[in-house]
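Below, each chain spelled out in residue letters.
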Amino acid sequence: TNLTKPGAEPHDLELTPKQVLDATKADALVYLADFQPSVDDAAKEADDTAFDVSPYARLDIEAGHDEHEDHAGHDHGAYDPHFWLDPTRYADVVDAIAERFAKTDPDHAADYRANAKEFTGELTQLDEDLASGLGNCQSTDLVTSHAAFAYLADRYGFHQESVTGLTPDEGGSPAALAKVVKHIADEKITTIYAETLVPTEVAETVARDAGAKVAVLD
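K.L.:
Help me understand the packing of helix α6 (residues 174-186) against helix α7 (residues 201-210) in this model?
P.N.:
Think of two packed helices as two axes; the pair is described by the angle between the axes and how far apart they sit. Closest axis-to-axis distance for the α6/α7 pair is 9 Å, and the angle between their directions is 45°. When the axes of α6 and α7 are compared, the pair comes out oblique. In this structure, α6 crosses over α7, and the sense of that crossing is right-handed. Touching Leu177, Val180, Val181 and Ile184 of α6 are Val202, Val206, Asp209 and Ala210, all from α7. A per-class count over the contact of α6 with α7 returns seven nonpolar, no polar and one charged.

In structure tokens, the structure reads:
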């Protein structure tokens, strides 16, 4: 059961009382600490059945990495939480979940491990495809609407600049936005990438001022 429904903005998740009850009574609550406060609260009530994947996600890129200083201040803790945009980190989390389930439900341990092996194989192939497909880009500057792509950038050799901060509603100051506009112009960047679930007004304003366009990176 997914607490964050398809098409919902994960940063804005607020659990209903029923979801909280279901989460606390579940055999396992898998979550990423310091990402969704309402899930953190449910995890405290769930106690031993809550499984925080953050130790296995290798969260080693500090919040604010490759961002402008005006973006300081967010709800995520010390590190960028968007680890799943690096398939190798995602694979490590998959293995950790499989081992946790195998321990909790030993009768099906072989199934959990086999499924994890199949899934991590797909992630390994994805990593190879991304490395191959992105290996000869003319530009390594990645300008995004919000700073969610640091792990992707780190894995595949890009430099991330963001219009807003770690959360989509964390708007930059006029000075920070001016720096982004200047960077886009100086580096002759043609595209700012936005996502399908977040507002694009600020990205579109920056693109217009910098003579760039907005495209979808989903």
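Having put the structure on the table, let's press on.
K.L.:
Looking at this model, I keep getting lost on the environment of valine 143. Mind explaining?
P.N.:
Relative to the elements of secondary structure, valine 143 occurs in strand β3 (residues 141-144). Note on valine 143: relative accessible area 1%, which makes it buried. In contact with valine 143, other than residues within four places in its own chain, are Glu161, Val180, His183, Ile184, Ile189, Thr191, Ile192 and Tyr193.

K.L.:
Explanation requested: the layout of surface pockets in the structure shown.
P.N.:
To find leftover empty space, one rolls a probe the size of a water molecule over the atoms. In this structure, the largest pocket spans a volume of roughly 1,800 Å³. What lines the largest pocket is a set of 47 residues, among which Asn2, Thr4, Phe35, Trp84 and Tyr90 lie closest to the centre. Counting residues per element, the ones that place at least two in the lining of the largest pocket are α1 (17-25), β1 (29-31), α3 (87-104) and α4 (109-133). With six residues, the single largest contributor to the lining of the largest pocket is α3. Residue composition of the lining of the largest pocket, by class: 32 nonpolar, nine polar and six charged. Empty space within the second largest pocket amounts to approximately 370 Å³.

Conventions adopted
Residues numbered from 1 in each chain as written. Predicted model: local features only at pLDDT ≥ 70, side-chain atom pairs only at ≥ 80, totals over all residues. Heavy atoms only, no water. Axes fitted to C-alpha atoms, helices over the stretch in contact; angles between N-to-C directions. Helix = DSSP H or I, 4+ residues; strand = E, 2+ residues; numbered from the N terminus. Parallel < 35°, antiparallel > 145°, perpendicular 65-115°, else oblique. Left-handed = near helix turned anticlockwise from the far one by under 90°. Contact = heavy atoms within 4.5 Å. Nonpolar A, V, L, I, M, F, W, Y, C, P; charged D, E, K, R; others polar. Buried < 20%, exposed > 50% of the residue type's maximum accessible area, 1.4 Å probe, protein only. 1 Å grid on protein atoms, 1.4 Å probe; cavity = no way out; pocket = protein on both sides within 12 Å on 5 of 7 lines; lining within 4 Å. Points joined across faces, edges and corners; volume = space filled by probe spheres on them.

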